[in-house]
Amino acid sequence: LVSVVAVTAIAAVRRPYVAPRALSASEVWSEAITAVDGALAANDLTGASLAWQRAFVAALQDRAHWEGLIEVADARLRIGRQERLEGMATQRARELYLSALFRARQHDSAEGVLRAGTAFEALGDQEVAAQARRIAAKLTPLAARPAASR
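Draft legend 1. Molecular detail of the overall build of the protein. Each helix and strand in the protein was counted, giving 7 helices and 0 strands. Start at the N end of the protein and walk to the C end: the helices and strands fall as α-α-α-α-α-α-α. Each of the 150 residues in the protein was classed as buried or not, and the buried ones make up 33%. Pairs at least 24 apart in sequence give 58% of the contacts found in the protein among residues at least 6 apart. For the protein, the accessible area works out to roughly 9,400 Å², and carbon and sulfur atoms hold 58% of it.

In structure tokens:
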């Protein structure tokens with residue numbers, strides 16, 4: 001029995017330490033959005049708001065993607081509906097959708113620009129939705145881009 005314990009102890013000492021991998025900003029906002037929805041399902045508005053703040057910060061930091069801004073805006077609307085503060089939530093969502101539209105345009109993503117435009121349309125802002133369609137029409141289609149930039 002003593003030799004089994006000694007062998008186990010030696011084996012444990014010889015294993016190299018592997019530091020846990022840090023989450024990317026995309027992973028942080030994605031997990032936080034899941035937490036928002038879980039908190040809303042439990043009618044935990046404080047928890048939803050705290051999770052939303054984490055998602056918001058991570059989506060702003062994730063400059064390589066537009067998707068987080070859209071997801072965070074959508075989540076803000078869901079929280080606003082449950083809080084019965086839809087006007088304030090709509091204003092914040094509108095700001096985030098606009099940021100997503102600009103970020104998608106910067107990344108030459110017609111999909112992202114159109115997704116933001118669809119969100120504006122859902123908010124009743126036909127003018128910005130139409131502008132988004134015009135912007136998307138001018139962007140380079142994915143199939144026409146050089147392989148290195150896809």
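Draft legend 2. Seen up close, the pattern of salt bridges. By the definition in use, this model includes 6 salt bridges. Across the pair arginine 115 and aspartate 74 runs a salt bridge, and its minimum N-O distance is 2.7 Å. Pair noted here: arginine 115 is in helix α6 (residues 110-122) and aspartate 74 is in helix α4 (residues 67-83), with a separation of 41 residues, a long-range link. Given a relative accessible area of 29%, arginine 115 falls into the partly exposed group. Since its relative accessible area comes to 15%, aspartate 74 is described here as buried.

Draft legend 3. Expanded view of the packing of α6 against helix α7 (residues 126-138). Packing of α6 against α7 brings their axes to within 8 Å, and their N-to-C directions diverge by 170°. For the element pair α6 / α7, the angle class is roughly antiparallel. Along its contact with α6, which presents Ala110, Val113, Leu114, Gly117, Phe120 and Glu121, the element α7 presents Gln126, Val128, Ala129, Ala132, Arg133, Ile135 and Ala136. Split by residue class, the contact of α6 with α7 holds 9 nonpolar, 2 polar and 2 charged.

Draft legend 4. Up close: α4. Taking 1.5 Å of rise per residue, 17 residues should cover 24 Å, and α4 covers 24 Å from first to last C-alpha, within 8% of that figure. Among the residues of α4, those classed as buried are Gly68, Leu69, Ile70, Val72, Ala73, Asp74, Ala75, Arg76, Leu77, Ile79 and Gly80. The inward-facing, buried residues of α4 abut α2 (25-41), α3 (45-61), α5 (86-106) and α6. Arginine 84 lies just past α4 and shows a positive phi near 65°.

Draft legend 5. Here's a closer look at the packing of aromatic side chains. Counted under the stated rule, the structure contains 2 aromatic pairs. Taking 5.0 Å as the distance between ring centres and 15° as the angle between the ring planes, the aromatic pair formed by tryptophan 52 and phenylalanine 56 counts as stacked. One end of the pair is tryptophan 52 and the other is phenylalanine 56, both in helix α3 and 4 residues apart, which spans about a single turn. For the pair tryptophan 52 and phenylalanine 56, a shared accessibility class is recorded, and that class is buried.

Draft legend 6. Local environment of unusual backbone geometry. Even without being a glycine, asparagine 43 presents a positive backbone phi close to 60°. As for its placement among the helices and strands, asparagine 43 is situated in the loop between α2 and α3. For asparagine 43, a relative accessible area of 55% puts it in the exposed group. Positive phi, normally seen in glycine, also occurs at arginine 84, with a value near 65°. In this structure, arginine 84 sits in the loop between α4 and α5. Judged by its relative accessible area of 74%, arginine 84 is exposed.

Draft legend 7. Molecular detail of the environment of arginine 115. Taking the C-alpha atoms as reference points, arginine 115 and tryptophan 66, separated by 49 residues in sequence, lie 9.7 Å from one another. If we skip the residues at most four places from it in the chain, arginine 115 touches Trp66, Ile70 and Asp74.

Conventions used here
- Counting from 1, residues in each chain are numbered in the order their sequence is written.
- The predicted origin of the model limits local features to residues at a pLDDT of at least 70 and limits the giving and counting of side-chain atom pairs to 80 or more, whereas totals for whole chains, interfaces and linings rest on all residues.
- Processing note: side-chain calculations cover all non-hydrogen atoms of the structure and skip hydrogens and water entirely.
- Strands here mean DSSP runs of E at least two residues long; helices mean DSSP runs of H or I at least four residues long; both are numbered from the N terminus.
- Relative accessibility thresholds used throughout: buried, under 20% of the residue-type maximum; exposed, over 50%; partly exposed, between the two (1.4 Å probe, protein chains only).
- For this analysis, residues touch if any pair of their heavy atoms sits within 4.5 Å.
- Each accessible area value is a Shrake-Rupley result obtained with a 1.4 Å probe; residue values ignore everything except the protein chains displayed when judging cover.
- Only one rule defines a salt bridge in this text: a Lys or Arg side-chain nitrogen within 4 Å of an Asp or Glu carboxyl oxygen.
- Angular values range over 0 to 180 degrees, each being the angle between N-to-C directions of two axes fitted as lines to C-alpha atoms, with helices fitted over their stretch in contact.
- When an angle is under 35 degrees it counts as roughly parallel; over 145 it counts as roughly antiparallel; between 65 and 115 it counts as roughly perpendicular; any other value is oblique.
- The classification used treats Ala, Val, Leu, Ile, Met, Phe, Trp, Tyr, Cys and Pro as nonpolar, Asp, Glu, Lys and Arg as charged, and all other residues, Gly among them, as polar.
- A helix's residues, less one, multiplied by 1.5 Å, set its expected span.
- Each Phe, Tyr or Trp ring, with Trp reduced to its six-membered ring, pairs with another whose centre is within 6.5 Å; inter-plane angles below 30 degrees give stacked pairs, above 60 give edge-to-face pairs, and intermediate values give tilted ones.

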